[in-house]
Each structure stands twice: as C-alpha cells, then as structure tokens.
Amino acid sequence: MRLAALAAALWLMALPASAQHWAAGPEITRAGHDAAPGTEAAAPRLKPLPPPSLNFYGSPGIIDTPSADMLPDGQYAVTYSWFGGTSRYNITFQALPWLSASFRYNGIQDLNLFGFDTYYDRGFDVRARLWRERRWLPEVTMGLQDFAGTGVYAAEYFVATKRFEAAALGWGRAPGRLKVSAGLGWGRLGSQGAIGNIGGNRPTFVGGSTGGELSTDQWFRGDFAPFGGFEWQPDERWSLKAEYSTDAYVTETQISDVFDRKSSINYGVEYQYSDRLRLGAYYLYGSEIGITAQIQLNPNNPPTPMAVPAPHPVQPRVQWAGPADSWKQEWMASTSQKQKFRDLAAETLKADGLVLEAITLTGTTVELRYRNNRYRSAAQAAGRAARALAQSLPASVETFRLVPVRRGIGLSTIEIRRSDLEALEFDADASDALFAAAGVHAAGPLPEDAIFSGELYPAFATSISPYTQPAYFDPEKPFRLDAGLDFAASYEPAPGWRIAGTIRQRLAGNVKNGRASNSVLPHVRTDQNEYAQFGTTLENLYVSRLWKPGRNLYARATAGLFESMYGGVSGEMLWKPVNSRISFGLEANYVVQRDFDQRFSFRDYRTFTGHASAYAELGKGYLMQVDAGRYLAGDYGGTFSLNREFDNGFLVGAFFTLTNVSAEDFGEGSFDKGFRFRIPVDWLLGKPSRSGFGLTIRPTQRDGGQRVAVPDRLYGSVRAAHRKNLEDQRARFWE
C-alpha cells in the first residue's frame, strides 16, 4: 500500500454510511450498550452508540485527559488534534479487549529545542484495563504515556470511569447519558495542583534526548495530582465535555512561549459526523481554541458489504446421474475422456477465478491442483474448487483431493468426500461438520499420470500500477513523498521458475530534498535521499525458483537486483508441517549495494546477511516471529514481531530489533522499531481480491537492525493454505 492511496481510502471510509454500524453483530442492543449493569434500561435499539471518543493523545478520554474506556476489540483509530501551536498525529490500535497501544507524532511550534524552530517528537503509549465496570464499581485503567520516546509528554496514570443513563439519574424519560472520569496522574499529569510526591523530582526528558530508552525508574515517580472530567451525550451525534487538567505545560509555557496557560478548565463539543468520523472544537486552558478529527475503523465492520457472485449449488448426484450404469468406472481407461473432463473442470474453475494446473483421475478419486488468483481466503477457494468438481465429474468420483498451488508448489492437500459435500450444503453446522470430516495433510509429489493444463507455461504477464514512496520524520519536513508509475513484467518458463523486473518512473516528489545521513554506521538505509535523485530507475530484476526438497520443506533461491538498494544472491529454507502452528526458517544472502542511479552498477559496500527464524500462530489471529542473525550494517542481534491478522485479512502489527550496536552509535531512537498494517482490497471495495494496501512506519529510519527486501519469501504464502488458516476460515468454504 502506498500512503496517498491509503489516505484517500481512509477519507472515503469516514463518509456517512447509514447501513454500517459499529456493532459486532445484528443483535438488538439497548441504548447505552456499555451502560452499567443494574441501571434502568431504555427502549431496545438496533444501532448502539459509537465507540468512546478520543482525547488529544488519540486515546479514549475527555479532551486533554484520559478516561478508563477501551475501544472495541481490534479497533483502529487515526486522529489529528491542534491547539496553541501544538499539533498531534495519533494512531491507536486496540490489540486486546483490555490492552491498547498508540503511536504519536507531535509538532510544537517556536519551542527552539535542539536547534529547530518547530520541535518534532515521536512517542508511544500503552493502556491496560484493570477491571471492567460493575454495578457500583467504575471501570479502571492504567496508562503509560510517551513511555518510549524522549519523554516530552511522559505521564503515568490510573483513571476510573462510570456511566449513567439519564433515566437512572432521575431525569424522567430524557434520552442521553453521562460519563464521569477521575484519575491520579504523574509526570505531565502531575505538574499542576500536585497533592503529593513519590521518589522526588523527575527530569523533563525521562527518555533522554535521543529517545528510545525505557526509564522505568521514573514511572509513577515525582509529583502526582488528581484530574477529572465528564462527557454528556444528549443523543448519538453530539457530546458536551468539560475537564480539569493537571498538565501545567511547563515545556511550552516556561521553557518557551508557545501559549499562555491561564486556567486548568477545558470545555468542548464534539459531533459524530458518521459512524467513522468524529469532529470536535474546544476552548482550552483559558486562552486557546483547539480542534480534533477522529477516524475509527474496525476490521469486523467493512465499509462495503462483500459482493461475491453466488457459488454454484451442489446438486446431489442422485438428481442427475441417471441409472446405475452411469456410476460405472469404465470411463477412466480412456485418456481422451479424461481430457474431456479436465477441460470441463477447467472451464468451471475459470468462471470462479481459479486456474487448473493439473488433474489426476481414477474411477473414484480426483486430485485437483489449482491456482487461486481471486480469493484471499484459501478456504473459500477450496470451496469453489470442490463445487466445480461436483458439477463436472462423473458420479463415480467420490473423493476430492484439492491441492492449492503457488508457483508450482503444492501447499497442502484438502481431502473431502463428495457425499459429505452433498449432504451438508444446507446443514446449520455445515462449516464445522465438513471440516471435522475433511482431512488436511501435506501435498505429495505430482502423480505421474496427472493430466496438465496445456496453456499455463511458458507464461508472460505485464502490469502498470501507481506507486508512492514516503519518507518520514525529517525535522525540517516531517513528511516527504515521491509518486509515479511502476511498469512490471514477469516470465514463468516452467513451474517454480520466475523471471521478473520493474521499471519505476517518478512523476513528482520531494524525497530527494531530505536531510543527509549522519550515521556512524555503514549507510545501508539512510541514503534514501541519494537514491531519490533519479527519475527513471530499475526497481528490481531477478530470477527465482521455488520448490519442495522434502516433506514439510519449502525452498527458494533468488538472484539479481532484489530492490532499489541491493542486489545479490539469496537462499531460503522453510520447515512448515501442514498441521503445525510452529515453523522454522533459515535465510542467507550475499548482497552488494546498488549505485544511486539504480541501473546495473554497484557501490563498494557488500556484505553477508542471514537469519534463523521461528514462527508461531498463537491463536485468535496473533502471529509471532523471532529472527536472529546478521543485519545489513554487519551488526548481530534479533527482531521480535507480533502481528494480529483478522479473518478478513486486516493486519496490524509491531516489531523491534536489538543488536550489538549501542544506542549512541545507532543514533536517534536508540534501536530499530516500528509498526505495520495492511488493509485488504476486498475489505475496502467489497469485491474478491488477493491484493492489499500495506504500510510500515518506523519512528526513525536508521542503519542498525536493517534487512534486505527479497521477493517471494516463503512463510506468508505457505501458511495461508495450511490447517490453522483453513480452520479459522472454514465458514468461508461455503461462500
């Protein structure tokens, strides 16, 4: 995904959509769906109130202070806030029902810290709910604010929130509800009106001037002060807010003169423009006007309902097979007859966006090897393939062996009895029942008597697509962007082999004007502006081969120009049993740094880099990956990644890398870290697609802990057709 397209998609999703709701399901809920148990219930309603509103830090809260609310599980929020010369861009993700994390990029005008007129700062927040709201007990949350940045906004807090329906407050049948929050804060939230002190004074920059350090010895230390506020929602659209803030804004009012803080009371009004977009305006600290815009997305609620052509019905054989003679198996002896059934199956598959690679027929069994070019879900593709066979094969064929194929490699074998398919199509528990009766095991070698599709190889393909290349967090200009077109072509002479390349034409952009690298390490990534000086470049040109050297083993070999900065040779081996949630990989690369013009010349820098990797599917969509090895700058260490992938393909994740490079040598940020997300095209547009929009953001791009980008890495595509993923997606078999 490229950033410009993502921004447009987010804006389109924020527009009103009367048919879309934030509810997780169609069940009837009561007004104030998160009201405290035991309060008087209003009339039942079909559409619950929107999720909690967000504060200026992008977390659930009043205005500039937090509340104890949690967003719906999996919720993703992008917010912008501005007041008093301070702008904040926030991204928040509800990783678990009780845990959320935020990334923030701030700009403080006229602060003059570290030599910049506008001081830009990055920070991370994390919040954990300690207990839910009960009859008389409020919801309570603990939060760490800006705990891994320079600490300009560092704070820790405990906050409690209680909700009241208007009827429960004795206001007759008046609609609406009141939400009251109160808490105790340290750091920023303990700098005004302190009532006590723990552990003495704490520095303004608890994370150090370069950030990235976890100053745990400063957490919940220093002055602490009480804060609080309330939010009144007379209806589903409007909210009125007021709060008492204990943030003295010492940095902005004393170190500099960003604004004049005259009061601790803030007021505001917010309007829920649509199910996804919320706008707010405020009067803050007795002197400033502020605004916010909040976009909230939930993977479980796509903006457009999925519009997939209905699958072919499974017509039981007894309705069309005719007399018993039609069930005989003599047809299997005829090669021409088998080719006839192959061609019929291929046409039926083609109508569903699937491609027949090879088919093996006996009197009672068929093994189908097919490509899935349309459906993101391997289970959905398998269901379509099974229906196609049921429509096109003789009645005597009872066992279907479905083998999804990628680049000539069989990924798994899904074995289904045709009679189960016929019997369960309209069963209430069809998904669970069929999966329980089906078998999922490793794909074997291609049978010798397989009949191939005669039109697949050699294969040549071309494409033209837009691209954007962002560069983040330059203190002089925090966001830079190049945009243009990619002209790609590929040639597959035989199964498993591929020759591919991309010519890139930049049409506009300013990445070339970015700051020069000041890294003391080899410049393996920080010369991005040097690579951006040229308008027409060869993005990649390589040859690769994928194959299976043994049971549960997958292999890849690649040679050529991998990416804009590196070329070389690369090899990878993956051990991934089809029924296991655990897998291990080994990758080795010898790479040479490409010249800035990105043609066929190279620079002097060359290195060996490689990693051993462990992968684990943890359940509920969580994927963990640990890599250990040698990185591009010659440093040794490990990377920890944790992603959450929803059944519809929406992915959010985070990672960090620690190597033997010291924080001082690494530079700003102290160590490599970042987050990533991916939005599938079918989630956005409601049409089947295997494509997605992805983005990885690092708070600081440095040279430590960096890896080469090699095309066709194995794990993601292999696991997509293995048992765990098929089981999670089993309901889609019937779609």
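Model, not experiment: these values are computed from the prediction.

Q: Is there a simple way to think about the overall build of the chain in this case?
A: Assigned secondary structure in the chain consists of 11 helices and 35 strands. Counting every position in the chain, which comprises 735 residues, the buried fraction comes to 53%. In the chain, the proportion of contacts linking residues at least 24 apart, taken out of those at least 6 apart, comes to 60%. Of the roughly 30800 Å² that the chain leaves accessible, carbon and sulfur atoms contribute 58%.

Q: I keep staring at unusual backbone geometry and nothing clicks. Help me out?
A: The bulk of non-glycine residues show a negative phi, and the bulk of peptide bonds are trans. Residues Tyr 457 and Pro 458 are joined by a peptide bond in cis, for which omega reads -5°. You can see Pro 458 is positioned in the loop between strand E22 (451–452) and strand E23 (459–474). In this structure, Asn 552 is a non-glycine residue whose phi angle is positive, near 65°. For Asn 552, the location among the structural elements is in the loop between strand E26 (536–550) and strand E27 (553–561). Residue classification places Asn 552 among the buried positions, given a relative accessible area of 16%. Positive phi outside glycine occurs at Ser 670, with the angle close to 70°. Here Ser 670 is to be found in the loop between helix H8 (663–666) and strand E34 (672–680). Residue classification places Ser 670 among the buried residues on the basis of a relative accessible area of 7%.

Q: Please explain a nonpolar patch on the surface as it appears in this structure.
A: Side chains of Tyr 244, Ile 265, Tyr 267, Tyr 283 and Ile 289 sit close together on the surface and give an oily, nonpolar patch of about 460 Å² of accessible area. When you line up the elements, Tyr 283 lands in strand E14 (residues 277–284).

Q: Explanation requested: the nonpolar core in the structure shown.
A: Taken as a class, soluble globular proteins show a tendency for nonpolar side chains to be buried jointly. Counting residues in hydrophobic clusters, the biggest one holds 49 residues, and the most contacted among them are Leu 389, Phe 400, Leu 402 and Leu 421. Sorting elements by how many residues they give to this core places helix H4 (residues 378–392) first, with nine residues. Judged by nonpolar contacts, the second largest core, of 22 residues, contains Phe 93, Phe 103, Ile 295 and Leu 684.

Q: What exactly am I supposed to notice about empty space enclosed by the protein here?
A: Empty space among the atoms becomes apparent when a probe as large as a water molecule is rolled across them. Across all of its chains, the model carries five cavities of 30 Å³ or more by this definition. Approximately 140 Å³ is the volume found for the largest cavity. Around the largest cavity, the lining is made up of 13 residues, and of these Ile 414, Phe 435, Leu 726, Arg 730 and Phe 733 lie nearest the centre. Going through the elements one at a time, H4, strand E20 (413–417) and helix H6 (430–437) are the ones with two or more residues in the lining of the largest cavity. No other element matches H6, which puts three residues into the lining of the largest cavity. Of the residues contributing to the lining of the largest cavity, the split by class is 11 nonpolar, one polar and one charged.

Q: Just to check I follow, could you spell out the packing of helix H3 (residues 335–351) against H4 for this structure?
A: Axes are the key here: two packed helices are described by the angle between their axes and the distance separating the axes. At a minimum axis separation of 9 Å, H3 and H4 run at an interaxial angle of 140°. In terms of orientation, H3 and H4 fall into the oblique class. Between H3 and H4 the crossing geometry is right-handed. Of H4, the residues touching H3 (which contributes Phe 341, Leu 344, Ala 345, Thr 348 and Leu 349) are Ala 385, Ala 388, Leu 389, Gln 391 and Ser 392. Looking at side-chain class alone, the contact of H3 with H4 contains seven nonpolar, three polar and no charged residues.

Q: Can you walk me through the environment of Pro 299 in this structure?
A: Residue position: Pro 299 is located in the loop between strand E15 (288–297) and H3. Leave out the neighbours within four places in its chain, and Pro 299 touches Gly 74, Phe 646, Asn 648, Phe 650 and Trp 683.

Q: Honestly, the side chain of Gln 380 in this entry has me stumped. Any pointers?
A: Here Gln 380 shows up in helix H4. Within polar-contact distance, the side chain of Gln 380 engages the side chain of Arg 732 at 3.2 Å. In this view, Gln 380 contacts Val 308, Tyr 375, Arg 732, Phe 733 and Glu 735; residues no more than four positions away in its chain are not counted.

Q: Hey, could you run me through the confidence of the model for the chain in this one?
A: Mean pLDDT over the chain: 86, with 87% of residues reaching 70 or higher. Averaged pLDDT values for the elements of the chain fall to 35 in strand E1 (residues 29–30) and rise to 98 in strand E29 (residues 582–594). Note that pLDDT drops below 50 for residues 1–46; the model gives that stretch 98 contacts with residues more than four away or on any other chain.

Q: Sorry if this is basic, but what is going on with the pairing of strand E5 (residues 99–109) here?
A: Most of E5 sits inside the fold, with eight of its 11 residues counted as buried. Between the antiparallel neighbours strand E4 (residues 86–96) and E5 lie two residues.

Q: What should I look at first to understand the pattern of salt bridges in this one?
A: Side-chain pairing between opposite charges can occur once the charged atoms of the two side chains come close. Inspection of the entire model under this criterion finds 43 salt bridges. The salt bridge partner of Asp 682 is Arg 376, with a shortest N-O separation of 3.2 Å. Here Asp 682 is found in helix H9 (residues 681–685), whereas its partner Arg 376 is found in the loop between strand E17 (365–372) and H4, with 306 residues between them in sequence. Just as Asp 682 is buried, Arg 376 falls in that class too. Measuring nitrogen to oxygen at the nearest pair gives 3.2 Å for the salt bridge that ties Arg 719 to Glu 617.

Q: Is there a simple way to explain the packing of aromatic side chains in this structure?
A: Each aromatic ring pair is described using two quantities: the centre-to-centre distance and the angle formed by the ring planes. Following the criterion strictly, the structure yields 29 aromatic pairs and no others. Pairing Tyr 105 with Tyr 120 gives two aromatic rings, centres 5.7 Å apart and planes at 0°, and the pair type is stacked. Of this pair, Tyr 105 sits in strand E5 while Tyr 120 sits in strand E6 (residues 118–131), placing them 15 residues apart in sequence. Using a relative accessible area of 7% as the deciding quantity, one classes Tyr 105 as buried. Overall, Tyr 120 belongs to the partly exposed group, its relative accessible area being 25%.

Q: Would you explain H4 in this entry?
A: Three or four residues apart is the spacing at which side chains of an α-helix point the same way, because the helix has 3.6 residues per turn. In this model H4 runs 21 Å from its N-terminal to its C-terminal C-alpha over 15 residues, within 8% of the 21 Å that 1.5 Å per residue would give. Of all 15 residues making up H4, 14 are buried, and the element is well covered by its neighbours. With a side-chain oxygen positioned 3.3 Å from the backbone nitrogen of Ala 379, the residue opening H4 is Ser 377.

Q: So what exactly am I meant to see when it comes to the environment of Gly 514 here?
A: Here Gly 514 shows up in the loop between strand E25 (497–509) and helix H7 (528–531). Residue class for Gly 514 comes out buried when judged on its relative accessible area of 18%. Put simply, Gly 514 and Phe 473 are 41 residues apart on the chain and 9.9 Å apart in space, counted from C-alpha to C-alpha. Excluding residues within four positions of it along the chain, Gly 514 makes contact with Asp 474, Arg 480 and Asn 529.

How each quantity is defined
- Residues numbered from 1 in each chain as written.
- Predicted model: local features only at pLDDT ≥ 70, side-chain atom pairs only at ≥ 80, totals over all residues.
- Heavy atoms only, no water.
- Helix = DSSP H or I, 4+ residues; strand = E, 2+ residues; numbered from the N terminus.
- Buried < 20%, exposed > 50% of the residue type's maximum accessible area, 1.4 Å probe, protein only.
- Contact = heavy atoms within 4.5 Å.
- Areas by Shrake-Rupley, 256 points an atom, 1.4 Å probe, with all protein chains shown as cover.
- Patch = residues over 30% accessible without salt bridge, like charges linked within 9 Å, V, L, I, M, F, W, Y side chains within 5 Å.
- Salt bridge = Lys/Arg side-chain N within 4 Å of Asp/Glu carboxyl O.
- Core = buried A, V, L, I, M, F, W, Y, C linked by side-chain atoms within 4.5 Å.
- 1 Å grid on protein atoms, 1.4 Å probe; cavity = no way out; pocket = protein on both sides within 12 Å on 5 of 7 lines; lining within 4 Å.
- Points joined across faces, edges and corners; volume = space filled by probe spheres on them.
- Nonpolar A, V, L, I, M, F, W, Y, C, P; charged D, E, K, R; others polar.
- Axes fitted to C-alpha atoms, helices over the stretch in contact; angles between N-to-C directions.
- Parallel < 35°, antiparallel > 145°, perpendicular 65-115°, else oblique.
- Left-handed = near helix turned anticlockwise from the far one by under 90°.
- Polar contact = N/O pair within 3.5 Å; in protein donor to acceptor, adjacent residues only side chain to side chain.
- pLDDT = per-residue confidence, 0-100.
- Pairing = 2+ DSSP bridges.
- Phe/Tyr/Trp six-rings, centres within 6.5 Å; stacked < 30°, edge-to-face > 60°.
- Expected span 1.5 Å × (residues − 1).

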